[in-house]
Amino acid sequence: MSECQRQVNEVLSLCNRVGSLPCRNAKDRLCQSEMAKKVANLMRTLLSLQNQCMTDKGREYIPSRLLAPHIGKLPMPEDYGLQELKELTRSYMLEMTVGS
């Protein structure tokens, strides 16, 4: 197993663990959502480094099928969740147009 794949597996495990952290108060929820945002960015970066990104007019994107299952598990604030959904939708639309 390559170093990059090992790191991806560790971040996937981290996605699951962040989602299962107990939150007893607002401060806990804030910490959990900040960790979720960092893990989402880390997942996107690792998948990019793993050379699974595609290009469209000079812009790189990661196939939505790779990100969606993991991003969806992360407990994020509504505004950040909407931003992630927008990016996933953009990636999906690019896949549809590039694949055609």
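Residues numbered from 1 in each chain as written. Predicted model: local features only at pLDDT ≥ 70, side-chain atom pairs only at ≥ 80, totals over all residues. Heavy atoms only, no water.

Caption draft 1: Region of the structure containing the pattern of salt bridges. Under the definition given, this model contains five salt bridges. Linking Arg6 and Glu10 is a salt bridge whose minimum nitrogen-to-oxygen distance equals 2.3 Å. Placement of the pair is Arg6 and Glu10 together in helix α1 (residues 3–19), with a separation of four residues, close to one helical turn. Note that Glu34 is salt-bridged to Lys37, the shortest N-O span being 3.0 Å. Here Glu34 pairs with Lys37, and both are found in helix α2 (residues 26–49), just three residues apart, close to one helical turn. By relative accessible area, Glu34 is classed as partly exposed at 33%. (Salt bridge = Lys/Arg side-chain N within 4 Å of Asp/Glu carboxyl O. Helix = DSSP H or I, 4+ residues; strand = E, 2+ residues; numbered from the N terminus. Buried < 20%, exposed > 50% of the residue type's maximum accessible area, 1.4 Å probe, protein only.)

Caption draft 2: Seen up close, the confidence of the model for the protein chain. Residues of the protein chain with pLDDT of at least 70 account for 85%, and the chain-wide mean is 81. No element of the protein chain has a lower mean pLDDT than strand β1 (residues 54–56), which averages 52, and none a higher one than α2, which averages 88. (pLDDT = per-residue confidence, 0-100.)

Caption draft 3: Focus on the packing of aromatic side chains. If you walk through the whole model with that rule in mind, you get zero aromatic pairs. The aromatic ring of Tyr80 is capped on one face by Lys37, whose charged end is 5.6 Å from the ring centroid. (Phe/Tyr/Trp six-rings, centres within 6.5 Å; stacked < 30°, edge-to-face > 60°. Lys NZ or Arg CZ within 6 Å of the ring centre and 35° of its normal.)

Caption draft 4: Structural detail: α1. When the terminal C-alpha atoms of α1 are compared, their 25 Å separation across 17 residues agrees well with the 24 Å that a helix rising 1.5 Å per residue should span. Buried residues in α1 make contact with α2 and α3 (64–71). (Expected span 1.5 Å × (residues − 1). Contact = heavy atoms within 4.5 Å.)

Caption draft 5: Structural detail: the environment of Ser64. Here Ser64 lies in helix α3. Taking C-alpha positions, Ser64 is 5.6 Å from Tyr92, a pair spaced 28 residues apart along the chain. Non-local contacts of Ser64, meaning those with residues more than four positions away in its chain, are made with Pro69, Leu88, Ser91, Tyr92 and Glu95.

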